Amino acid sequence: MRLEGKVVLVTGAASGIGHAVTELFAKEGAMVIATDIQSPAKAYPEGVESMPLDVTKEGDWAAGVDAIVGKHGRLDVLINNAGIIAYEPIHELEMKDWLHMIAVDQTGVFLGMREAVRVMRPKKSGAIVNISSIWGNSAVAGAHAYHAVKGAVRNMSKNAAMTYVDDGIRVNSVHPGFIHTPLTDAQDAGLNDAVIAATPMKRGGTPIEIAYGCLYLASDEASYTTGVELVIDGGYLAQ
Ligand code: NAD
């Protein structure tokens, strides 16, 4: 029960990494509020509450966080996990696709942190975990907008960690390598094989392997940990 009594909001909880985080955190005693723009393919565990929340919408964030604080009295942990991916290189990237990526993967993280710190600061306590990527620290060809937002999330996390350190709020980023989820299942198989072949462990990771990293950062075990980038990537970035 490493999260006993903690009130946690997870975005993008219906699928992949977010769903694994929701299941693990509930098992560890948290009151989890699972949010997404779609329903989960696999039902959330008993006790988990769910609500629709589009991370690009200011109104959804304000209403969602107000509802959580109204019912549970506080928000202890925010997992900013919702995300999309796209592969276009700069010369093929249309303005609307660039703006959509920024809206979901970067503005969503900003809005989530803004709403979370609004209610965490008065309590002088809180933990925020933002899901970045190995493409927030390094590059492959193409996927320009995705690299842009994941790099931004890495530095936004460090900035928030510095800004709110005196408010007792810890902010860290998690950087998964290749993880088997519906997001990567939908990708070109050749692309997936290439990333796995370039991974020292020679396999893709599983959502639970990312959820365990989030668990540490969300828990009080990480009380001296802020502004770090936790890379969970089968050794990819160590090369
Ligand atoms: P996924 O597609 O399985 O799940 C993403 C979830 O986000 C979906 O349920 C989707 O409905 C939700 N979502 C999309 N747009 C949203 C919006 N506007 N508002 C709210 N929810 C929205 O993907 P995943 O692989 O589990 O990815 C989760 C996070 O991990 C993403 O931020 C992704 O960039 C990151 N990541 C994934 C990998 C990987 O290999 N799978 C690697 C590095 C980073």
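What you see is a predicted model; the values in this text were computed from it and never measured.

### Brief notes about the packing of helix α3 (residues 95–120) against helix α4 (residues 144–163)
The interhelical angle for the contact between α3 and α4, taken along N-to-C directions, is 15 degrees, at an axis separation of 9 Å. In terms of axis orientation, α3 runs roughly parallel to α4. Between α3 and α4 lies a crossing whose hand is right-handed. Contact with α3, carried on its side by Trp 98, Met 101, Ile 102, Asp 105, Gln 106, Val 109, Phe 110 and Met 113, involves His 144, Ala 145, Tyr 146, Ala 148, Val 149, Lys 150, Ala 152, Val 153, Met 156 and Ala 160 of α4 and no other residues of that element. Taken together, the residues that form the contact of α3 with α4 break down as 14 nonpolar, two polar and two charged.

### Quick word on the layout of surface pockets
Counted as a void, the largest pocket has a volume near 960 Å³. Around the largest pocket, the lining comprises 45 residues; the ones closest to its centre are Gly 83, Ile 84, Ile 85, Tyr 146 and Leu 183. Put simply, the parts of the chain that give the lining of the largest pocket at least two residues each are α1 (16–27), α3, α4, α5 (182–185) and α6 (189–197). Among the elements that take part in the lining of the largest pocket, α6 stands out by supplying four residues, more than any other. Residue composition of the lining of the largest pocket, by class: 24 nonpolar, 18 polar and three charged. Forming the boundary of the second largest pocket are 14 residues, of which Ser 125, Gly 126, Gly 168, Arg 170 and Asp 220 lie nearest the centre. Of the residues belonging to the lining of the second largest pocket, the class tally is four nonpolar, six polar and four charged.

### Examining the environment of Pro 40
Residue position: Pro 40 is located in the loop between β2 (31–36) and β3 (49–52). For Pro 40, a relative accessible area of 24% corresponds to the partly exposed category. In contact with Pro 40, not counting residues within four places along its chain, are Ala 14 and His 19.

Reading guide: rules and limits
- Residues numbered from 1 in each chain as written.
- Predicted model: local features only at pLDDT ≥ 70, side-chain atom pairs only at ≥ 80, totals over all residues.
- Heavy atoms only, no water.
- Axes fitted to C-alpha atoms, helices over the stretch in contact; angles between N-to-C directions.
- Helix = DSSP H or I, 4+ residues; strand = E, 2+ residues; numbered from the N terminus.
- Parallel < 35°, antiparallel > 145°, perpendicular 65-115°, else oblique.
- Left-handed = near helix turned anticlockwise from the far one by under 90°.
- Contact = heavy atoms within 4.5 Å.
- Nonpolar A, V, L, I, M, F, W, Y, C, P; charged D, E, K, R; others polar.
- 1 Å grid on protein atoms, 1.4 Å probe; cavity = no way out; pocket = protein on both sides within 12 Å on 5 of 7 lines; lining within 4 Å.
- Points joined across faces, edges and corners; volume = space filled by probe spheres on them.
- Buried < 20%, exposed > 50% of the residue type's maximum accessible area, 1.4 Å probe, protein only.

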